[in-house]
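An overview of the molecular structure
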Amino acid sequence: MKLVARFFARTQPHVGQQDTQVTPAAYWSLSPEQLLSALRATPNGLQPADAEQRLKRYRPNTIQAQRQATALGLFLNQFKSPLVLILIGAAMVSVIVGEWTDAVIVLAVVLGSTLLGFVQEYRAGNAVQKLRSQVTIRSNVLRGGQSLRLPSEDVVPGDVVLLSAGSLIPADGVVLVANDFFVNQAVLTGETFPVEKQPGTVPAQAGLAERTNCVFMGTSVSSGTAQVLMVQTGKATVFGQIAQRLSLRPPETEFERGIHRFGNLLTQVMLVMVIIVLAVNLFLAKPLIDSLLFALALAVGLTPELLPAIISITLSHGAQRMAKRGVIVRRLNSIENFGSMDVLCTDKTGTLTEGVVRLDGALDTQGQPSQAVLRYAYLNAQFQTGLNNPLDEAIQAYAQRAGSDISAEQKVDEIPYDFVRKRLSVITANAQGERTLITKGALDNVLSICNSTQSGEGAHPLDATSRAGIERLYSEWSAKGFRVLGVATKTVDRRPEAYSRADESALTFAGFLLFFDPPKADVRQAIVDLAKRGVQIKIITGDNQKVARHIAEAVDLPVMGVLTGSELDDLRDEALWHLAERTTLFAEVDPNQKERIILALRKTGHVVGYMGDGINDTPALHAADVGLSVDTAVDVAKDAADFVLLKTDLGILREGIDEGRKTFANTLKYILTTVSANFGNMFSMAGASMLLPFLPLLASQILLNNFLSDIPATTIAGDNVDPEWLEKPRRWNTLFIRNYMVLFGLVSSIFDILTFGTLLFLFRATPEVFRTGWFIESLLTELVIALVVRTRHPFFRSRPGTLLLVSTLVFIGLTLVLPYLPSNVVFGFIPLPAPLMLTVLGLTALYVLATELAKRYFYSRVENAVA
């Protein structure tokens, strides 16, 4: 981070590739008036028509250009595979030596395979893009003097943006007006704590961290409010310049790492086999071009070349199903992590409770209803301009129903909320001009700035006896599930300058605010359902432990252990690793402690989900394997999340977990299908080519076999999933796949050898008959194996998806009639006599039976198998 800051310490970020975006040099050293003039802007913002023209000229405010899945781009992308390019090259060699027929067939099959992958990926990509557009990060922008809530990508240079706690800063700009405005810019400078930003100018040579009048894209507001003039957008921002110089990508999920290891294994096996087969066939003096095409076709047959498309299709289908249930996927590759999640950490509000907070009472220091306390709270809630929150809304609604009148009061100033002080103050003036500082916040944090307490007879010193009485009431109410805030006041002098945190001292404690958020009616069943799926729920909250324990007990969540924030501070990381697993309730924690808890759980091997919607949840959302937020969350929380829920509900989470597990299951089915039949067939074919005086299959026949078996495989994404796939988290298991490949590949090879023997010794097959017979047997086994290995049960007890079943039956029929079609000569097929065709069908039936027996044996030995 220091290197990043140093890189920008003396340089003005240039425009990059963004059209005509011209920025004044060292703009941070200019006065606001000079900058407004240079950008042809006003403090009231741009006119809508002007902003529209600037957007067209400067392009959207994004780091990367918004690229839709264009038909041409995706189609050309299908040809990036080395295998496809090698096959095309081999076909060109065939043309050069006059083998026109082979070249045309190879090119036709390659084109068919690429079209198949293109169509599926294009549809999947567009579907996911539509889903993502439902969750858009927005900014409050002044246009023509009116505050509009616009997509952040529509922000242009010259816009004036209104920022408050929780805002994600959309572009680089200069502060025009600020009120206790603190920004977290660790992503750029590495600074641990939020930095205060104020209007003004700084020297032209100031480094990034020294530009205290600037805000930068990608950073977020920790507390306070501000009006900011946007100067640079998109790639011209500091963040955009870094993104252009670094190849950054999100960390790989566990499933992605497994897929890459699997791909490396296949590549190694493929290269060895191709080299050996080509060398032996050339040694046996077989035709060079035929041998080369045969070896390359074997490589294609071994490679699950549709795996990227299958993964895209499966994830897209999963995202669409999740969207129907109210879960919008922002990062597609996190779906498998969602299914693998075995620990869900959440705040209680809105997840275990209704999330509709109501004010139950405004009470004085003796615990009696107090109109004065209600009025103070109403003034504080009404005049604060920071982060909108349900507590202030509940106060306003309660006070309005009670007829509380604050029309004679005017706001003078505000000291915004932050997560260190955990309190908020406003300064008001009455009709006589008398000013009062009113503070509302966490009880301990309010008491820490008080030196007296209000009672019926007036103010009294806040001594040990008074504090003990206050804490006794607090404990009683907390144990009943009430969230308790404190209210304190003091009279302040008139002054021209702004009030600050230093003025929060020597206050008089006025009383309490009691809030209640009842548990959800259906949350008990949701907790039971998640437990049945192997998902533990842990509560991580800033509330005190008595409130949190009350809610946990009210919803029948077993509390195995409780840790508070102060206890966490005393623990080393190693100790927390052990305690975190055995703890259900983490209370009174701050944002950094939330992150520590998540990292501790991950360190012990858990796949951890975290659900949060506030600024204080952002570090934990980033740290979790699965970040979950809600559509009403602050921008910075939504941006950090992998999934956004349109409704805060554990039932929706349960359905999302099920969809994640279905997606994982269907992706794995394609891999298991490939490693079971394809491996056996290709290895058998490689061996046969070394022993037979002719090639067992022509290259065009291998490619056609591969192409026809791939078409039904694309429907696996919508396949039905057995109930046991949903019962517990599933994780990538390389050992399981290797053992599966060896056993089922061996079964396939045994039946290939039986087919060879039957064709050669029983039917005395010519090369053309041999190739036709084995092509049919090989393709039939690859088609039916998908129906067999898709379930650990007998295949007839698990109903496949309609598309998978119908497409498989259709292509089985096509396979059987293929030798009898007029086009059979093109691929080198000849009609088979009825006895031979019946024998091939019999061998296929025996293969299904043998695979079922092998499957029963395999799963009886693998208790903890991934499938």
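Position numbers for residues start from 1 in each chain and track the written sequence from start to end. Given that this is a predicted model, residues contribute local features only at a pLDDT of at least 70 and side-chain atom pairs are listed and counted only at 80 or more, while totals for whole chains, interfaces and linings are drawn from all residues. Values reported for side chains reflect all heavy atoms of the structure, with hydrogen atoms and water molecules removed beforehand.

1. Notes on the confidence of the model for the chain
The condition is simple: A residue's pLDDT is the confidence the predictor assigns to it, expressed on a 0 to 100 scale. In DSSP terms, a helix is any run of H or I states spanning at least four residues, a strand is any run of E spanning at least two, and both are numbered starting from the N terminus. Between two residues, a contact is recorded if the distance between any of their heavy atoms is within 4.5 Å.
Residues at a pLDDT of 70 or more form 85% of the chain, whose mean pLDDT is 83. Element-level pLDDT for the chain is lowest in helix α1 (residues 2–7), with a mean of 38, against a maximum mean of 96 in strand β13 (residues 435–442). Below pLDDT 50 for its whole length, residues 1–18 participates in 54 contacts with residues either more than four positions away or in separate chains. Overall, residues 863–867 carries pLDDT values under 50, and its contacts beyond four positions in sequence, including any with other chains, amount to 15 contacts.

2. Here we look at the packing of aromatic side chains
Using the following cut-off: In this analysis, rings of Phe, Tyr and Trp, with Trp reduced to its six-membered ring, are considered paired at centre separations within 6.5 Å, and the interplanar angle assigns stacked below 30 degrees, edge-to-face beyond 60, and tilted for intermediate values. Accessibility here uses a 1.4 Å probe with only protein chains present; expressed as a share of the type maximum, an area under 20% marks a residue as buried, one over 50% as exposed, and anything in between as partly exposed. Over a ring means this: the NZ of a Lys or the CZ of an Arg is within 6 Å of the ring centre and within 35 degrees of the ring normal.
Counted according to the given criterion, the structure contains 20 aromatic pairs. Taking 5.7 Å as the distance between ring centres and 45 degrees as the angle between the ring planes, the aromatic pair formed by F736 and Y740 counts as tilted. One end of the pair, F736, and the other, Y740, are both in helix α26 (residues 734–762), four residues apart, so they sit about a helical turn from each other. The exposure class assigned to Y740 is buried, which follows from its relative accessible area of 0%. For the ring pair F751 and Y847, a centre distance of 5.6 Å and an interplane angle of 75 degrees mean the geometry is edge-to-face. Placement of the pair is F751 in helix α26 and Y847 in helix α29 (residues 834–861), with a sequence separation of 96 residues. Across the pair, exposure class does not vary: F751 and Y847 are buried alike. Members of the aromatic cluster, connected to one another through ring pairs, are F736, Y740, F744, F858 and Y859. Stacked on the ring of W28, the Lys or Arg R211 has its end atom at 3.6 Å from the ring centre.

3. Overview of the environment of T734
Considering the arrangement of structural elements, one finds T734 in helix α26. In this structure T734 comes out as partly exposed when scored by relative accessible area, which is 37%. Linking T734 and F262, residues 472 residues apart in sequence, is a C-alpha distance of 7.5 Å.

4. So, the sheet that holds strand β18 (residues 536–540)
Our working rule: Should DSSP find at least two bridges between two strands, the strands are taken to pair. The convention used is that axes are lines fitted to C-alpha atoms, helices contributing only their stretch in contact, and that angles between N-to-C directions extend from 0 to 180 degrees.
Spatially, the eight strands line up as an open sheet ordered β8-β23-β22-β21-β9-β18-β20-β19, and their pairing is mixed. Of all the strands in the sheet, just β8 (327–329) and β19 (562–564) have a single pairing partner and so form its edges. Strand-to-strand twist in this sheet, taken as the mean axis angle between neighbours without regard to direction, amounts to 20 degrees. As defined by bridge partners, strand β9 (residues 343–346) adjoins strand β21 (residues 608–611) across four bridges and the pair is classed as parallel. Within the sheet, the bridge partner assigned to V343 lies in β21 and is V608. Set on the sheet, helix α18 (residues 545–554) makes contact with β18, β19 and β20 (585–587); between it and β20 the angle comes to about 150 degrees.

5. Some remarks on the packing of helix α27 (residues 767–789) against α29
For clarity, the cut-off: Two helices that cross are described as forming a left-handed crossing if the nearer one is turned anticlockwise from the farther one by less than a right angle, and a right-handed crossing if clockwise. By the convention adopted, Pro, Cys, Tyr, Trp, Phe, Met, Ile, Leu, Val and Ala count as nonpolar, Lys, Arg, Asp and Glu as charged, and the other residues, Gly among them, as polar.
Relative to each other, α27 and α29 sit at 35 degrees, their axes nearing to 10 Å. Classified by chirality, the crossing of α29 by α27 is right-handed. Across the interface between the two elements, V769, G773, I776, E777, L780, T781, V784, I785 and V788 of α27 pack against L836, M837, V840, L841, T844, Y847, V848, T851, E852 and K855 of α29. The residue makeup of the contact of α27 with α29, split by class, is twelve nonpolar, four polar and three charged.

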